[in-house]
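Residue-level structure breakdown
What follows is the residue order along each chain.
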Amino acid sequence: MVVRKLNLALQGGGAHGAFTWGVLDRLLEEPDLSFEGVSGTSAGAMNAVVLASGWQQGGREGARELLARFWEQVSLHALPEPPAVLSTQGTAPAMAGLMLKISHFISPYDMNPLDINPLRALVERLVDFERLRAGSPFRLFIAATDVQTGKIRLFREGELHAEHLLASACLPNLNQAIEVDGRSYWDGGFSGNPAVYPLIFDCDCHDVLVVLLQPLLRVGTPASAAAIQERISEFGFQTTFLREMRAISHIKQEVSQLPISFSLFERRMRRLRMHLIETDELLATLGRATKCDTRLHFLESLRNRGRQRADDWLARHSDAIGRRSSCDMELFL
């Protein structure tokens, strides 16, 4: 059996990362499909590290099992809601919306002075970081944002601890900054969501599959205060990715017109094959507060939608892996 390889770039998006769980779960069912490098931000970083750790523990089935365990245990920390709210699938819990509103006025240093973060205990319990550092099955690129400089910091598989994951997923309105080696970090989405360039220049595989949790196109112009705030928030977590993809698309277009490629950089850009799995229609309509909705039925509904989206992508583009791009790069120009 010929093994086909992909690099994965996994976007962040809080609880919406369960959609990516579904995408990964479906990809892992393909016996001839493997991964070389995985770049992840925030929830994408969680999925990336749990994927690698699970694979290390038990191959592709081990990865599927650990991803399921991770998201099921995330649901144990869901905010309590009245029964009437619990019955509404896909609607943000009232408590989640209230928490987001409060976060605009109260610092996490005041609201959570002990810096209690349930994710810390969860990832420490599920991921064997020592074993992962010693021999990860994939190259890992976990993005965080340096608070002082605003620059992206990529943590690699050989240095990973739980704090690196928490740094990648640190929303400054909800969590205290995570300190790593004397530097303070916030969510990686501010500087790379996800970072694509390390998959191009630090990996041998030329196929990159990007899994997005935010749509590339919004129809219409927001008019209400809430809708405007939603769109502003999206810009904050999407702009760096779009800028990076625009640069990659432009360079690839220019290099493809050269009669011959001399440098390693030119050869890598010429051979680059891009693939894309976007959100489905429902996920694209969900509000920002649903990113805090970790109720199990909601997470499982997102997983199922991610599985279906990946299944559709495989049906249409599986034969493109290793041969050609299945994504129109002009989307980013």
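Since this is a predicted model, take the numbers as computed values, not measurements. (Residues numbered from 1 in each chain as written. Predicted model: local features only at pLDDT ≥ 70, side-chain atom pairs only at ≥ 80, totals over all residues. Heavy atoms only, no water.)

Below, the discussion takes up the overall build of the protein chain. Per the secondary structure count, the protein chain includes 13 helices and 8 strands. Its C-alpha radius of gyration of 19 Å places the protein chain within 12% of the 20 Å reference for a compact globule of 333 residues. Principal axes of the C-alpha set define a box for the protein chain whose edges measure 60 × 50 × 40 Å. Among the 333 residues that make up the protein chain, the fraction classed as buried is 53%. When contacts within the protein chain are restricted to residue pairs at least 6 apart in sequence, long-range pairs at least 24 apart make up 78% of them. Counting 36 positive and 39 negative side-chain charges, the protein chain places the averaged centre of each group 4 Å from the other. (Helix = DSSP H or I, 4+ residues; strand = E, 2+ residues; numbered from the N terminus. Rg over C-alpha atoms; globule rule 2.2 N^0.38 Å. Buried < 20%, exposed > 50% of the residue type's maximum accessible area, 1.4 Å probe, protein only. Contact = heavy atoms within 4.5 Å. Lys, Arg positive; Asp, Glu negative; His and termini not counted. Charge placed at Lys NZ, Arg CZ, Asp CG, Glu CD.)

All right, on to the environment of I260 then. Mapped onto the secondary structure, I260 falls in the loop between α10 (225-256) and α11 (264-271). Setting aside chain neighbours within four positions, we find I260 in contact with E266 and R270.

Orientation of helix α1 (residues 17-27) relative to helix α2 (residues 43-74), taken along the N-to-C sense of each, is 25°, at an axis distance of 9 Å. In terms of axis orientation, α1 runs roughly parallel to α2. For the pair α1 and α2, the sense of crossing is right-handed. Of α2, the residues touching α1 (which contributes G17, A18, T20, W21, L24, D25 and L27) are A43, N47, L51, R60, R64, L67, A68 and W71. (Axes fitted to C-alpha atoms, helices over the stretch in contact; angles between N-to-C directions. Parallel < 35°, antiparallel > 145°, perpendicular 65-115°, else oblique. Left-handed = near helix turned anticlockwise from the far one by under 90°.)

On the surface, Y197, F201 and F265 cluster together to form a nonpolar patch covering roughly 260 Å² of accessible area. Assignment of secondary structure puts F201 in helix α9 (residues 197-201). The class of F201 is partly exposed, set by a relative accessible area of 32%. (Patch = residues over 30% accessible without salt bridge, like charges linked within 9 Å, V, L, I, M, F, W, Y side chains within 5 Å. Areas by Shrake-Rupley, 256 points an atom, 1.4 Å probe, with all protein chains shown as cover. Salt bridge = Lys/Arg side-chain N within 4 Å of Asp/Glu carboxyl O.)

This part takes up the pairing of strand β2 (residues 33-41). Along β2, 9 of the 9 residues are buried, which leaves the element largely enclosed by surrounding structure. Read as a crossover between parallel neighbours, the route from strand β1 (residues 4-10) over α1 to β2 is right-handed. Across 5 bridges, the pairing between β2 and strand β3 (residues 139-146) is parallel. Residue pairing in the sheet places V38 in a bridge with L140 of β3. (Right-handed = clockwise from strand over helix to strand, strands pointing away. Pairing = 2+ DSSP bridges.)

Turning our eyes to something else, we now look at the UniProt feature "active site" (unreviewed entry) in the protein chain. Sequence positions flagged by UniProt for "active site" (unreviewed entry) are, in local numbering, S42 and D187. In terms of the greatest pairwise C-alpha distance, the residues named above, spread along 146 residues, form a tight cluster of at most 6.3 Å across. Topologically, S42 is positioned in the loop between β2 and α2. The residues touching S42, leaving out its near neighbours within four places in the chain, are G12, S168, A169 and D187. Its location among the elements puts D187 in strand β6 (residues 183-187). Ignoring anything within four residues of it in the chain, the contact list for D187 reads T41, S42, T145, A167, S168, A169, C170, L171 and F237. Of note is the side chain of D187, whose polar atom sits 3.0 Å from the side chain of S42. (UniProt positions renumbered as here; feature names shortened; annotations may be inferred. Polar contact = N/O pair within 3.5 Å; in protein donor to acceptor, adjacent residues only side chain to side chain.)

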